[in-house]
Amino acid sequence: MLKKLLFALALLATIKSYSQTAQRFFSKEKLTQTGVYYYPEHWPETQWERDIKNIAKLGFEYIHMSEFAWAFMEPEEGKYDFRWLDKVIDLAGKNNLKVVLCTPTPTPPAWLVTKHPEVFLQNNIYQPMEHLSRGNYSTSSDIYKEYTEKIVTQLAKRYGKDNRVMGWQLDNEPARDIDFSPAAQEKFREWLKKKYGTIDALNKAWGAAFWSNMYNNFDQVRIPNQRLLYGVSPHALLDSKRFSVEQLAASLDFQAQTLRRYISEKQWIMTNYMTIGNNVGYDPSRTKHLDFTSYTNYPAAGYNDNGSKSFRMGSMTPLTFSNDYHRSVKGVYGVMELQPGQVNWGPINPQPEPGAVHMWLWHTFAGGTSLNCTYRYRQPLYGSELYHYGIVGTDGVTPSRGGLEFAQYITEVNKLRKQYNAKKAAPQKYVARKTAILSTMDNLWDQDLQKQTTQWNPFEHLMKYLRIAKALGAPVDFVREDADFSNYKVLMVPAYQLVDQAIITKIQKFAENGGQVILTCRTGHKDKNGHLWEAKWAEPIYKLIGAEVQFFDLMMPNTEGKISMAGTEYNWNNWGDILKPFAGTESLAKYTNQFYAGQTAVTKVKQGKGTVTYIGVDTDTGDLEKAAVRKVYADAGIATEDYPAGINVEYRDGFWVAVNYTSQPFNLNLPANAKILVGEKVLPSPGVTVWTE
Ligand code: GAL
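Because the structure is a prediction, the values reported are computed rather than measured.

(A) Layout of unusual backbone geometry. Each neighbour pair has its own omega, and for tyrosine 375 with arginine 376 the value is 10 degrees, a cis peptide bond. Going from serine 685 to proline 686, the amide bond is cis rather than trans, its omega being -5 degrees. Here proline 686 is to be found in the loop between strand 25 (682-683) and strand 26 (687-692). Its identity as a non-glycine residue notwithstanding, aspartate 171 has a phi of 55 degrees, on the positive side. Along the chain, aspartate 171 turns up in the loop between strand 4 (165-169) and helix 7 (182-196).

(B) Up close: a nonpolar patch on the surface. On the surface, Phe210, Trp211 and Tyr230 cluster together into a nonpolar patch covering about 460 Å² of accessible area. Checked against the element boundaries, phenylalanine 210 lands in the loop between helix 8 (199-205) and helix 9 (234-260). In this structure phenylalanine 210 comes out as exposed when scored by relative accessible area, which is 56%.

(C) Structural view of the site of the ligand. For the ligand, the full set of nearby residues is Phe68, Arg134, Asn172, Glu173, Tyr298, Glu337, Trp345, Tyr375, Glu385 and His388. A distance of 2.6 Å is found between an oxygen atom of the ligand and a side-chain nitrogen or oxygen belonging to glutamate 173. Between the ligand and histidine 388 there is a distance of 2.7 Å, counted from an oxygen atom to a side-chain nitrogen or oxygen. Relative to its unbound accessible area of 310 Å², the ligand is 94% covered by the protein chains.

(D) Highlighting the sheet that holds strand 6 (residues 292-297). Read around the closed barrel, the 8 strands follow the order 1-2-3-4-5-6-7-8; overall the barrel is parallel. For this sheet, the mean inter-axis angle between neighbouring strands, taken without regard to orientation, is 25 degrees. By the bridge criterion, 3 bridges tie strand 4 to strand 5 (residues 268-273) in an arrangement that is parallel. From the neighbouring strand, glutamine 169 faces strand 5, where its bridge partner is methionine 270. Sheet contacts for helix 11 (residues 356-366): strand 6, strand 7 (333-338) and strand 8 (371-374); angle to strand 7, the most-contacted strand, approximately 165 degrees.

(E) Representation of the environment of asparagine 558 in the model. Tracing the backbone shows asparagine 558 in the loop between strand 13 (547-553) and strand 14 (561-565). A C-alpha to C-alpha distance of 9.0 Å links asparagine 558 and asparagine 573, two positions 15 residues apart in sequence.

(F) Layout of the sheet that holds strand 24 (residues 675-678). Pairing in this open sheet of 4 strands is antiparallel, and the strands run 21-22-26-24 from one edge to the other. Each having just a single partner strand, strand 21 (647-652) and strand 24 make up the two edges of the open sheet. The sheet shows a mean angle of 25 degrees between the axes of neighbouring strands, taken without regard to direction. Relative to strand 26, strand 24 is paired through 3 bridges, and the arrangement is antiparallel. In the strand pairing of strand 26, isoleucine 676 is matched with tryptophan 691. Together, strand 21, strand 22 (655-660), strand 24 and strand 26 form the strand contacts of helix 11, whose direction differs from that of strand 22 by roughly 140 degrees.

(G) Representation of the packing of aromatic side chains within the structure. Summed over all chains, the structure comprises 47 aromatic pairs. Arranged with centres 5.8 Å apart and planes meeting at 65 degrees, the rings of phenylalanine 551 and tyrosine 596 form a pair that is edge-to-face. One end of the pair, phenylalanine 551, is in strand 13; the other, tyrosine 596, is in the loop between strand 17 (586-591) and strand 18 (600-607), and 45 residues separate them in sequence. Look at tyrosine 596 and you get buried, because its relative accessible area is 1%. Three or more aromatic residues link up through ring pairs in this structure, and these residues are Phe188, Trp191, Trp206, Tyr215 and Phe243. The cationic tip of arginine 176 hangs over the ring face of tyrosine 137; the distance from NZ or CZ to the ring centre is 4.5 Å.

(H) Focus on the environment of valine 476. Within the secondary structure, valine 476 sits in strand 10 (residues 476-479). Since its relative accessible area comes to 1%, valine 476 is described here as buried. Remark: the alpha-carbon pair of valine 476 and threonine 692, spanning 216 residues in sequence, is separated by 21 Å. Discounting chain neighbours no more than four positions away, the residues touching valine 476 are Asp324, Arg327, Thr435, Ile437, Leu466, Ala469 and Lys470.

(I) Representation of the domain arrangement of the chain within the structure. Split into domains, the chain comes out as domain 1 (2-175 + 242-419) and domain 2 (433-635). Computed from C-alpha coordinates alone, the two centres of domain 1 and domain 2 are separated by 36 Å. Taken residue by residue, the interface counts 21 residues in domain 1 and 17 residues in domain 2. Here domain 1 meets domain 2 over a buried area of about 1800 Å², counting both sides, of which 56% is carbon and sulfur. Connecting domain 1 to domain 2 are 4 salt bridges. Linking domain 1 to domain 2 there are 11 residue pairs in polar contact (both at pLDDT 80 or more). The set of elements that each furnish at least two residues to the side of domain 1 that touches domain 2 consists of helix 9 and helix 10 (316-330). No other element matches helix 10, which puts 9 residues into the side of domain 1 that touches domain 2. Classifying every residue of the side of domain 1 that touches domain 2 gives 9 nonpolar, 7 polar and 5 charged.

(J) Quick look at the packing of helix 10 against helix 11. Their axes nearest at 9 Å, the elements helix 10 and helix 11 cross at an angle of 30 degrees. When the interaxial angle is binned, helix 10 and helix 11 end up roughly parallel. In terms of crossing hand, the pair formed by helix 10 and helix 11 is right-handed. Where helix 10 abuts helix 11, its residues Met316, Leu319, Thr320 and Asn323 lie against Trp360, His363 and Thr364. Residues of the contact of helix 10 with helix 11, tallied by class, amount to 3 nonpolar, 4 polar and no charged.

(K) Fine view of the nonpolar core. Grouped together as the largest cluster of nonpolar side chains are 129 residues, with contacts concentrated most on Ile63, Leu85 and Trp362. Among the elements that make up this core, the one with the highest residue count is helix 11 (8 residues). Summarising the domain contributions, this core has at least three residues from each of domain 1 (2-175 + 242-419) and domain 2 (433-635). Once residues lying within four places of it in the same chain are set aside, the contact partners of isoleucine 63 are Val36, Tyr38, Ile52, Ile55, Val88, Ala92, Leu97, Lys98, Val99 and Val100. Judged by nonpolar contacts, the second largest core, of 28 residues, contains Tyr488, Leu491, Val517 and Val549.

(L) Quick peek at helix 12 (residues 401-419). In this model helix 12 runs 28 Å from its N-terminal to its C-terminal C-alpha over 19 residues, within 8% of the 27 Å that 1.5 Å per residue would give. Regarding helix 12, the residues found buried are Gly402, Gly403, Glu405, Phe406, Ala407, Tyr409, Ile410, Glu412, Val413, Leu416 and Arg417.

(M) Just the confidence of the model for the chain, in detail. Averaged over every residue, the pLDDT of the chain is 96; the share at 70 or more is 97%. The low-confidence segment residues 14-18, where pLDDT is below 50, has 3 contacts with residues more than four positions distant or belonging to other chains.

Cut-off values and rules
- Residues numbered from 1 in each chain as written.
- Predicted model: local features only at pLDDT ≥ 70, side-chain atom pairs only at ≥ 80, totals over all residues.
- Heavy atoms only, no water.
- Helix = DSSP H or I, 4+ residues; strand = E, 2+ residues; numbered from the N terminus.
- Patch = residues over 30% accessible without salt bridge, like charges linked within 9 Å, V, L, I, M, F, W, Y side chains within 5 Å.
- Areas by Shrake-Rupley, 256 points an atom, 1.4 Å probe, with all protein chains shown as cover.
- Salt bridge = Lys/Arg side-chain N within 4 Å of Asp/Glu carboxyl O.
- Buried < 20%, exposed > 50% of the residue type's maximum accessible area, 1.4 Å probe, protein only.
- Near = heavy atom within 4 Å.
- Polar contact = N/O pair within 3.5 Å; in protein donor to acceptor, adjacent residues only side chain to side chain.
- Pairing = 2+ DSSP bridges.
- Axes fitted to C-alpha atoms, helices over the stretch in contact; angles between N-to-C directions.
- Contact = heavy atoms within 4.5 Å.
- Phe/Tyr/Trp six-rings, centres within 6.5 Å; stacked < 30°, edge-to-face > 60°.
- Lys NZ or Arg CZ within 6 Å of the ring centre and 35° of its normal.
- Domains from an automatic or database assignment.
- Buried area = accessible area lost by both parts, 1.4 Å probe.
- Nonpolar A, V, L, I, M, F, W, Y, C, P; charged D, E, K, R; others polar.
- Parallel < 35°, antiparallel > 145°, perpendicular 65-115°, else oblique.
- Left-handed = near helix turned anticlockwise from the far one by under 90°.
- Core = buried A, V, L, I, M, F, W, Y, C linked by side-chain atoms within 4.5 Å.
- Expected span 1.5 Å × (residues − 1).
- pLDDT = per-residue confidence, 0-100.

Here it is as structure tokens:
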């Protein structure tokens, strides 16, 4: 009896936790659903039915609308018009298409900004933005918040219970450079008061004793403006960045909570973030009320001019990273915008290689996406995005090459759905190399504020370790400090400058319990305000890494640092921590030139049942780092692969997916029981192969 009760309770707990995760919105059997952005407001009403029918014919499963349509929803203040949207939603429903509706906040109507110019955000010369663009409002404006609440409420009341609407996107690619408007200044002071309580605490955190930067009270504080100032406190700058992204996150949370008052539990809420890089003005992990996040990506917009055709295919890293990053935020994720063809906004906008769009789609699938979508259905005939391809061309009906590649992908996904087997467990060899990368925006921003060498690239350092993990065939999650590390075999901690004792202890425990930890240069020398420790350099991590970080050195562009590791010589050029291992710690690599020749660059120490490796050096090629990381997996008995750069292989829901971003074909080494479902054993360039084992 007791057993039965316990079983029932456990079952209930599972159902409850399942129902709390975003997975509840998506049926696993469907794997992913593919949709397209449609702008009915750009086209005559007489064409809507034809367009919707053609969208359905190509196999799309939903349309995405209205993120820029405020002026159509509320042509005059308080006068709403949703008849046009009703009509398109009816047409979608009749053609078995679902709808993603968006809140139209990126584009305030002219009447609003004319009546209240104070809602504009201000740049670093204190100029307000103007009408005729988008994303031009201040996320700190209470007036904008009021108008937002009104329009979002109207939308929520009208469509919140409409079962043709599957979910909501908030705004569009929410991101902000620092806003210097009076509203933002006011909110910054409030934010600081809440964070620090007293002006003394603020002065201390900002290191304001330096250059007599002291404030007497919060009213004197302004958002630090780097354009006007020399040598601004990095602590103040870090806070202004934190404030800025938190304002943005709060404005998204406000929209989500407003929607939530009226919408059905079956409708989800998310937003579509731009590709992450250095110094971005958003942090997907800082919102609290969104069900999941999605990303937008345009792989071929004039990048990668290395003489190969990769300028037409993009590189593997952005999509691999975006998949792993966004999946890590809430467990499920979507890809809202994926380039359908040539774009218009790059410095040079080449045609994508035939097959590239198809490969990108499968690449987003490989990471586990629940939603795929593309910007946009029709190529525009007017407006700032002329020359931007759509799923159909300028005549509004003829599919572009990318459009046909979308259709092909959709057909293939439908085929795969039939093969889906809920009982199939993930392969042991894949699970056994599960890797977490600990990373926060704050750490990236902080490195960016004082790089110490023009050769340091915070985001690129992080990406290097992602690429190494992928070359070993490891599935990766990007985790934050509150994650449960015990789900992983390996924890990478790249250039993690800002630490406190709690995170050091947590990493130590993970190792002691059998985890493999890899820390890299620039880790642990600052507290969370970005102050150096009043201790030896990076001393709080000495016990963890079993070594002292004596000092660091930086190499000039035309000078090579040299290192020897396991009999192989390596060059290093960006950053070198010079280490002194304690007794019992192995020295895996040594500097062989410069005045510290003979000293250690890489250490490894046992911690309980696990190990901690410290890779103190950053190189352009990443060869040394890769060899050191490979050793960690090998020593721990974790079987790995050896994929070349540009080959990404992932597993999801019973399917293996390989993509090829190199300029040559790639011969996959498949087991005898592999059954190929899409593509061939030899991956073309670009190409995709999907198989089951
Ligand atoms: C995205 C944006 C879309 C559209 C697209 C053009 O960044 O979210 O609205 O402008 O770029 O490629």
